[in-house]
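Read off the chains here:
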Amino acid sequence: MATQRKHAKIADTKPGSSEIQPAKGKLGVMIPGMGAVATTFVAGVEAVRRGIAKPIGSLTQMGTIRLGKRTDARSPKIKEFVPLAGLDDLVFTGWDIFEDDMYTAATKAGVLERDLLDKVKPLLRSIKPQKAVFDHNYVKKIDGPNVKKGKNKMDLAEQVRADMRAFKKSSGATRLITIWCGSTESYIEPSAAHQSVKAFEKALLKNDANIAPSMIYAYASLMEGVPFANGAPNLTVDIPVMHELARQNEAPICGKDFKTGQTLIKTILAPGFKARMIGLNGWFSTNILGNRDGEVLEDPGSFKTKEESKLSVLEHILQPELYPDLYGNFTHKVRINYYPPRGDNKEGWDNIDIFGWLGYPMQIKVDFLCRDSILAAPIVLDLVLFMDLAKRSSELRGIGIQEWISFYFKSPMTAPGLYPEHDLFIQLMKLKNTLRHLRGEELITHLGLEYYD
Ligand SMILES: NC(=O)c1ccc[n+]([C@@H]2O[C@H](COP(=O)([O-])OP(=O)(O)OC[C@H]3O[C@@H](n4cnc5c(N)ncnc54)[C@H](O)[C@@H]3O)[C@@H](O)[C@H]2O)c1
C-alpha cells in the first residue's frame, strides 16, 4: 500500500519539480567481492582516467539522450544532461575472503592483460580487501582466511557498518555506494525473518540461517543510508525488510544479477520475435566457462539461484498467456558447465527453435564467444553513477527500488505485485524517460504525428 502511494506521488509530480543535489566531492564505491568483475571494473576506471582506454559499453560515459523533437537536433551526452559523479571522483574499497590486493586478484582472474594491469598497478595495489562476512554454507565451493568473527550476525553487521564509516573518513568521500560483486549464494526463498525490520533484527541476533552474508552487507549499508546494488542473483535486497529500510533511510536499492552475455542476447532477440509474431518451440542455452564464478556455480545450490534468474526472462517477454498459439508451449533450458580451460572467456550457445507462417519451423544458432567481466564492468560503473544520482534526487531517494535501471539486470526488482519488464528496449526507454522526467524535459513517446500536421 505504502509503495503504491509513493508511486502515485511520483506520477503526479510535474516534470522539473524534482531537485538533484550536485555531485560534489568524492564518491566512495564499496564492493563486497573483489574478484573478476570488481577488479575489471576498477582497473578499467583507472585506465580510462589515465587516458589509456575508452569506457566502451558504458551508457553513462558514451550514451546520448535525444531531447525534444527530432528536428531540434538536441542530443547531449547523458553525463552532461544529468549531474553524475565524474570518474576522477571515484574512490574504492572492498571486502573479500581472500587477502589478495586488487592487483593480485586481477592477475589471478586473468581477464585483463598484464601490460594494462601494470599501467594501473599503483591504484590496484593500494586496494586491499577488508575482512569479509562469509558463511561457507552459502557458497560451498570456496573458502578463505580473510573472514570476520563475531558473536552473532548483528555483531558482524555492526562491524561492516564500522568499516563503512571508517572508509568514508579515511577516503574523504562525501557519499558512498555499495555494489555486491561477490559470489552467487545458495538458493533461498523469502521467509519469516525477511518480512520486517523488527523480525530481521531479531533474526540477526539469533544467528538465523535464513540470513545470508550478502544480506548482512545490505542491512549494514541501508542502515548507514547508503544505496545498495546487487550484481548477483541472490535474494539479498529483494525482501520486504530491505524495501522497508531503503525507504525509511532514503537508500535506493536495485538488483538482481547483471544482465551480460547470454541473457543480454536473449532479451535482444526475444522482443524481436514477439514484435513480428514469430512463434517459439524451444530455446536451449548452454554455457561453458572456467572462472571462479563458474566453479561456484557448479554447486547445485548456487546454480539454482542463477537458473531461476536466467529462466524467468522469456516468460515475461513472450507473455504466453496473451499469445498461446505462439508461446503457449515452448521448452526453455539453461545449462552452465564449469570448464577451466575457458577461463573468463565464456562460450554461450543458444539453439532456438522458432516457427513462422503456417507453423513452418526454422532454427537460429547463436554462439557467443563473450568475455563475462568485460561485459559486466561497464554495468558496474553505470549502476554506481546512477545509484548515486538516485540518492541525490529528491524524487528517487525515498522510493526504495529503482526500477528505472532494470536495463542492467537479469531479474529486475519491482514494486510488489508488478511483473518485471525484461525487454531491453523498453528498459532503455524507461531509463531515458526517467532522466528526461527528472530534468523537466518532455517524455518521448515516438508518436510523431506532429511532423505531419
Ligand atoms: N561477469 C558477469 O558477466 C556476471 C553477470 C551476472 C552476474 N555476475 C555475478 O557477479 C558476481 C561476481 O562475479 P565474478 O566473475 O567477479 O566472480 P569471482 O568469483 O571472480 O568473484 C567473486 C568474489 O566474491 C568473493 N566472495 C564470496 N563471498 C563473499 C562474501 N560473503 N564477502 C566478500 N567476498 C565474497 C569471492 O572470494 C570472490 O573473490 C557473481 O555472483 C556472478 O554470478 C557476473
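One numbering rule holds for all chains: residues counted from 1, following each sequence as written. Where totals are concerned, whole chains, interfaces and linings use all residues; where local detail is concerned, this predicted model gives features only for residues with pLDDT of at least 70, and gives and counts side-chain atom pairs only at 80 or more.

The subject of this paragraph is the site of the ligand. In this text, near has one meaning. A residue is near a molecule or strand if its C-beta atom, placed using the backbone, is within 6 Å of it. Near the ligand there are 37 residues, and of these Gly33, Gly35, Ala232, Thr260 and Arg292 occur at the shortest range. We count a stretch as a helix when DSSP gives it H or I for four or more residues in a row; a strand needs E for two or more, and each element gets its number in order from the N terminus. Listing elements by their share of the shell around the ligand, those giving two or more residues are α2 (36-49), β2 (90-96), α13 (292-296) and α16 (372-392). At four residues, the largest contribution of residues to the shell around the ligand is made by α16. Each residue belonging to the shell around the ligand can be placed in one class, and the counts come to 21 nonpolar, eleven polar and five charged. An automatic or database domain assignment is the source of the domain bounds shown. Here the shell around the ligand spans two domains, since at least three of its residues come from each of domain 1 (2-258 + 374-438) and domain 2 (265-369). The residue classification treats Ala, Val, Leu, Ile, Met, Phe, Trp, Tyr, Cys and Pro as nonpolar and Asp, Glu, Lys and Arg as charged. All others, Gly included, are polar.

This paragraph deals with the sheet that holds strand β8 (residues 331-338). Whether two strands pair comes down to DSSP finding at least two bridges between them. In space, the four strands of this open sheet follow the order β8-β7-β9-β10, with mixed pairing throughout. Two strands lie at the open edges of the sheet, namely β8 and β10 (361-369), each paired on one side alone. Averaged over all neighbouring strand pairs, the angle between strand axes comes to 10°, with direction disregarded. Of the strand pairs in this sheet, strand β9 (residues 347-355) and β10 are connected by nine bridges, and their pairing is antiparallel. Paired with Asn351 across the bridge in β10 is Lys365. Orientation is described by axes fitted as lines to C-alpha atoms, over the contacting stretch for helices, and by angles from 0 to 180 degrees between their N-to-C directions.

Now for the domain arrangement of the protein chain. Along its sequence, the protein chain is organised into domain 1 (2-258 + 374-438) and domain 2 (265-369). For domain 1 and domain 2, the distance between their C-alpha centroids amounts to 26 Å. Think of it this way: build a C-beta for each residue from its backbone, and any pair within 7 Å is a contact. Listed as interface residues are 26 residues of domain 1 and, on the opposing side, 25 residues of domain 2. When its residues are assigned to classes, the side of domain 1 that touches domain 2 shows eleven nonpolar, eight polar and seven charged.

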